[in-house]
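So you can see what is in the structure, the chains are spelled out below.
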Amino acid sequence: MSRHKRSLRRRRTVAALGAALGLTVTGIVTTSMLNTAGAATAWPKPNGSSPVTATIEVSGTYDGGLKRFYGSGDLGDGGQGEGQPPIFKLKDGAVLKNVVLGSPAADGVHCMGSCTLQNVWWEDVGEDAASFKGKSAGSVYTVYGGGARKASDKVFQFNGAGKLVVTKFQVSDFGKLVRSCGNCSTQYKRSIIVNDVDVTAPGKSLVGINTNHGDTAALRNVRIHGDSSRKIKPCIRYTGNDSGDEPVETGSGPDGTYCRYGSSDISYN
């Protein structure tokens, strides 16, 4: 009996130590995930190229193996006209990963609901790199890793409802990184988080939001390169509308309510 009690105590002690170690490891992992801000990764070299003549519809997960996809035929216009079809169209919950979009890229990627864009690269943005169109307030659009170049206007067009999170992304030579649609026929409240990104001038703005619809934008760990005169505006506020008119700009900079960031959240290199 005494031997059994000693064995039981020993097992309890080992279990307690294991639980403590598990908590410690969890803490380390969580801490490392929260402190991973750093320099942008190098642009990938595509593993071959593939022309796309009709939009590729994605449900589930599509892994492009870092192949370059570019528009051809009806998708090969290469212009900036509104209403172009996308190269990829993602259904609610879909994941698009390890893809390089070459030129022409048409209207890039359309997310029709919650989606994840992981390690997706745009070599030469067409109309937009990606448009987010879910209608549910619970929709979450995640952009993790990747990058975009040569966006004469918008990189990410946020037309739908919900939350957009952009993490570990890099952008250069662009107009706007994220724009909450200023004049869509149906408007929503939208929230935007931009965290741990590298931004290289020239560029006009990081985020544009509509305060009258309750939009918010939080910026963290943003590194801006080549903009010593600080021409790139981190956050611009607008009054949006549903009439198609050009939205009115009402201000820019942090205000604690709509544009949520401080001076320590943005560095200039």
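Everything below is about the structure printed above this text.
Let me begin by describing the structure that accompanies this report. (Residues numbered from 1 in each chain as written. Predicted model: local features only at pLDDT ≥ 70, side-chain atom pairs only at ≥ 80, totals over all residues. Heavy atoms only, no water.)

This paragraph deals with the overall build of the protein chain. Within the protein chain, the regular secondary structure consists of one helix and 19 strands. Here the protein chain, with 269 residues, has 45% of them falling under the buried criterion. When contacts within the protein chain are restricted to residue pairs at least 6 apart in sequence, long-range pairs at least 24 apart make up 60% of them. Element-wise, carbon and sulfur atoms account for 52% of the exposed surface of the protein chain, whose accessible area totals about 13,000 Å². (Helix = DSSP H or I, 4+ residues; strand = E, 2+ residues; numbered from the N terminus. Buried < 20%, exposed > 50% of the residue type's maximum accessible area, 1.4 Å probe, protein only. Contact = heavy atoms within 4.5 Å. Areas by Shrake-Rupley, 256 points an atom, 1.4 Å probe, with all protein chains shown as cover.)

Among the nonpolar cores identified, the biggest contains 53 residues, and Leu 90, Leu 117, Trp 122, Phe 132, Val 155, Phe 156 and Phe 169 are the most heavily contacted of them. Of all the elements, strand 10 (residues 147-158) adds the most residues to this core, at five residues. Discounting residues that sit within four places of it in the chain, Phe 132 has contacts with Cys 111, Cys 115, Leu 117, Tyr 141, Val 143, Phe 156, Gln 157, Phe 158, Asn 159, Gly 160 and Leu 164. (Core = buried A, V, L, I, M, F, W, Y, C linked by side-chain atoms within 4.5 Å.)

The side-chain alternation of strand 9 (residues 140-144) yields one buried face, formed by Tyr 141 and Val 143, and one unburied face, formed by Val 140, Thr 142 and Tyr 144. One ladder, built from four bridges, connects strand 7 (residues 115-122) with strand 9; its direction is parallel. Paired with Cys 115 across the strands is Tyr 141, a residue of strand 9. In this structure, strand 9 lies alongside strand 11 (residues 162-167), joined through five bridges in parallel fashion. Opposite Thr 142, over in strand 11, you have Val 165 as the bridge partner. (Pairing = 2+ DSSP bridges.)

We now examine the state of the cysteines. On inspection of all chains with the given rule, the structure shows three disulfides. A disulfide bridge connects Cys 181 with Cys 184, and the sulfur atoms are separated by 2.1 Å. Between Cys 181 and Cys 184, the S-S torsion sits near 105°, and that sign places the bridge as right-handed. Take Cys 181: its relative accessible area is 5%, and that puts it in the buried class. Exposure remark for Cys 184: the relative accessible area of 14% places this residue in the buried category. Put simply, Cys 235 and Cys 259 are joined by a disulfide, and their sulfur atoms are 2.1 Å apart. Its S-S torsion of approximately -70° makes the covalent link between Cys 235 and Cys 259 left-handed. In this pair, Cys 235 sits in strand 16 (residues 233-239) while Cys 259 sits in strand 18 (residues 259-260), placing the two residues 24 residues apart along the sequence. Here the two residues Cys 235 and Cys 259 agree in accessibility, since each one is buried. (Disulfide = S-S within 2.5 Å.)

The next point concerns unusual backbone geometry. Trans peptide bonds make up the majority, and among non-glycine residues the majority have a negative phi. Omega for the peptide link from Ser 103 to Pro 104 comes to 0°, which places this bond in the cis form. Along the polypeptide, Pro 104 turns up in the loop between strand 5 (94-101) and strand 6 (109-111). For Asn 98, which is not a glycine, the phi torsion comes out positive at approximately 55°. Within the element layout of this structure, Asn 98 appears in strand 5. Positive phi is not limited to glycine here, since Asn 119 has a value of about 55°. Looking at where Asn 119 falls in the secondary structure, it is placed in strand 7. A residue is classified by how much of its surface remains accessible, and Asn 119, at 21% relative accessible area, is partly exposed.

All right, on to the pattern of salt bridges then. Scanning the model with the defined rule gives ten salt bridges in all. With a closest N to O distance of 2.7 Å, Arg 223 and Asp 196 form a salt bridge. A residue pair is termed long-range when its members are at least 10 positions apart, and Arg 223 in strand 15 (residues 216-225) and Asp 196 in strand 13 (residues 190-200) qualify at 27 residues. Residues Arg 223 and Asp 196 agree in their burial class; the two are buried. (Salt bridge = Lys/Arg side-chain N within 4 Å of Asp/Glu carboxyl O.)

Mapped onto the secondary structure, Ala 151 falls in strand 10. Classification of Ala 151 by relative accessible area gives buried; the value is 2%. When residues no more than four places from it in sequence are discounted, the contact partners of Ala 151 are Val 125, Asp 173, Phe 174 and Gly 175.

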